[in-house]
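Coordinate analysis (summary)
Each chain, written out:
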Amino acid sequence: MIEFNDVGLRYGQGPEVLKDLNFKVEPGTFHFLTGPSGSGKTSLLRLLLLSLKPSRGRITMFGQDVTKLDQDRLLQMRRHIGIVFQEFRLLDHLTTYENVALPLRVLGQPESDYRENVEELLRWVGLGERMSAHPPLLSGGEKQRAAIARAVIARPELLLADEPTGNVDPELSERLVHLFAELNRSGTTIILATHELPLLDKFGYPRMVLRDGGVNIHG
Ligand SMILES: Nc1ncnc2c1ncn2[C@@H]1O[C@H](COP(=O)(O)OP(=O)(O)OP(=O)(O)O)[C@@H](O)[C@H]1O
């Protein structure tokens, strides 16, 4: 599903923050992405999200060399990718239901087509009673479950998560990772960036470790 060949990334004229990345991620797998602060986890996720282009090397995703795609094709490919951020990024003026439905609305689907799916997904993530609440009234864990639901409502094949448990307590962190694990069991490929060692130890998924600009996969 993902293949990096000799990929390097620099911002502007700065030094390479990622260098000689060579790895493959098979469909249906779950990887933790870890490494010290500043090692380039967010930068690597932005390459995978197609919001940054590498300075060198080749990135193949879904069978296509993404460095050769024009903007329209990149946008089409982007629809196969979901993203969850540490700081949730929900829209406060929309209800929880409307936040989760937004990606489908943007795709032009009529509400009659998606209402049931959105409600079912919200119940599945445990927000069945919170659908009409606005995000400022949700707890941290509830906000992140809403953000996860929004990220997967359009059924992405690849789900990226950047420190998704950074703003919730350890017990909730574990429950959120169980949610990602469930999504993975239903076929979604997952790459979850975290530096929380207890989570890495508790869930035995392989680790992509970034260090000194390079990456190694363990486990
Ligand atoms: N927009 C940018 N412009 C210039 N340099 C950047 C930019 N974004 C990140 N960097 C640099 O790239 C390097 C990797 O940053 P990145 O945010 O990818 O690391 P990280 O592993 O996600 O860090 P953290 O765990 O602290 O969030 C850092 O040296 C950072 O200063």
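An account of the accompanying structure is given in this report.

Definitions and limits used
- Residues numbered from 1 in each chain as written.
- Predicted model: local features only at pLDDT ≥ 70, side-chain atom pairs only at ≥ 80, totals over all residues.
- Helix = DSSP H or I, 4+ residues; strand = E, 2+ residues; numbered from the N terminus.
- Rg over C-alpha atoms; globule rule 2.2 N^0.38 Å.
- Buried ≥ 20, exposed ≤ 12 C-beta atoms within 10 Å, placed from the backbone.
- Contact = placed C-beta atoms within 7 Å.
- Pairing = 2+ DSSP bridges.

Overview of the overall build of the chain
- Within the chain, the regular secondary structure consists of seven helices and ten strands.
- Its C-alpha atoms give the chain a radius of gyration of 17 Å, within 12% of the compact-globule value 17 Å for 219 residues.
- Across its three principal axes, the chain shows a C-alpha extent of roughly 50 × 40 × 30 Å.
- Scored against the burial criterion, the 219 residues of the chain give a buried share of 34%.
- Considering only contacts in the chain between residues 6 or more positions apart, those separated by 24 or more positions represent 67%.

Here we look at unusual backbone geometry
- The phi angle at Asp20 is positive, at roughly 50°, despite the residue not being glycine.
- Examined against the element boundaries, Asp20 turns out to sit in strand E2 (residues 16–25).

Let's talk about the sheet that holds strand E5 (residues 64–65)
- Strand order in this open sheet of four strands is E2-E1-E4-E5, and the pairing throughout is antiparallel. One side of each edge strand has no neighbouring strand; the edge strands of this open sheet are E2 and E5.

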